Each structure stands twice: as C-alpha cells, then as structure tokens.
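Each chain is listed here by its residues.
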Amino acid sequence: MHELSVTQGLLKTVLKHTQLNEVRQVIGINLRIGEMSDIEEEWLQKYFDYLSRDTVAAGAKIRVEKSPAVFSCEECQREFVINLKDRTSFSCPACGEKKVKLIAGREFEIRELEVI
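Residues numbered from 1 in each chain as written. Predicted model: local features only at pLDDT ≥ 70, side-chain atom pairs only at ≥ 80, totals over all residues. Heavy atoms only, no water.

Chemist: Even after reading the chapter, I still don't get the packing of aromatic side chains, so can you show me in this structure?
Modeler: Aromatic ring pairs are defined here through the distance separating the ring centres and the angle between the ring planes. Taken as a whole and judged by the stated rule, the model has 3 aromatic pairs. Seen in terms of ring centroids, F71 and F80 are 6.3 Å apart; in terms of plane orientation they differ by 25 degrees. Their pairing is stacked. An identical accessibility class is assigned to F71 and F80; each is buried. Taken together, a centroid distance of 5.3 Å and an interplanar angle of 50 degrees make the contact between F71 and F90 tilted. Placement of the pair is F71 in strand β3 (residues 69–73) and F90 in the loop between β4 (79–82) and β5 (100–104), with a sequence separation of 19 residues. F71 gets classed as buried once you look at its relative accessible area, which sits at 6%. F90 gets classed as partly exposed once you look at its relative accessible area, which sits at 34%. (Phe/Tyr/Trp six-rings, centres within 6.5 Å; stacked < 30°, edge-to-face > 60°. Buried < 20%, exposed > 50% of the residue type's maximum accessible area, 1.4 Å probe, protein only. Helix = DSSP H or I, 4+ residues; strand = E, 2+ residues; numbered from the N terminus.)

Structural data, given as structure tokens:
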C-alpha cells in the first residue's frame with residue numbers, strides 16, 4: 001500500500017513542474033525505478049489515475065524502466081548485479097563473501113515528462 005504515498009509524492013512533483021513551465025496537459029511520465037523498491041507498477045498507475053483526476057496530469061500514462069540491483073563486495077570490492085527473481089543468496093560471485101552493500105536498485109526517478 002506504500003504505492004499510494006509514493007504516487008502522492010509523484011503527482012505533487014509533476015504538478016509543481018507543470019506550473020513552473022505552463023504545461024497544458026501531461027501525456028506521459030517516464031520513471032526509472034529500482035528493482036529493490038518493491039513498487040507495483042499496476043497500483044502506481046491506478047493510484048495516479050485516481051489522484052490526478054481534475055488536474056493537468058489526468059490521463060497520463062506511466063511507463064517504468066526497471067534498474068537492476070547492484071551490489072559491491074566488502075572483501076574484494078567487485079560490483080555485481082543480482083537478478084532478484086533468480087537469486088536467494090546475496091554473496092559475491094567472485095569470492096563468495098556474504099558482506100555486500102547495495103550500490104543501486106532503490107531508485108525512484110522521474111526521467112521524462114511528455115507534455116503539451
């Protein structure tokens with residue numbers, strides 16, 4: 001259910017930029033969301049449709065590009081990508097160390113607004 005608060009923040013940011021740039025209509029919103037963010041795209045769009053009614057963003061389509069989960073090994077400093085669907089272990093593939101830190105994969109970025 002955290003998609004609701006995330007969507008509220010998204011809409012607030014979109015509306016702020018539409019006002020600053022005298023936008024008449026938002027057609028699309030391109031996002032980059034990290035795999036670790038656990039955001040359900042379907043709910044993001046549903047909440048956005050509901051919250052944006054009667055605004056310049058009403059009807060805008062949200063498109064999501066997923067960014068991979070990237071970790072760094074604390075032992076050998078190697079960076080590696082983990083496919084979350086296929087992996088149950090977060091150990092380094094090079095040296096087997098289990099002490100790793102997340103480098104990327106929790107992003108939530110507005111990459112582009114399509115407007116008229």
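Chemist: Quick question: what am I supposed to make of the pattern of salt bridges here?
Modeler: Pairing between side chains becomes possible if they bear opposite charge and their charged atoms approach one another. This structure, assessed with the given rule, holds 4 salt bridges. Between E114 and R63 there is a salt bridge; the shortest N-O distance is 2.9 Å. Remark: R63 occurs in strand β2 (residues 61–67) and E114 occurs in strand β6 (residues 108–115); sequence separation between them is 51 residues. Classification of E114 as partly exposed rests on a relative accessible area of 25%. Residues R111 and E109 are paired through a salt bridge, measuring 3.1 Å at the closest nitrogen-oxygen approach. Residue E109 is classed as partly exposed on the basis of its relative accessible area of 31%. (Salt bridge = Lys/Arg side-chain N within 4 Å of Asp/Glu carboxyl O.)

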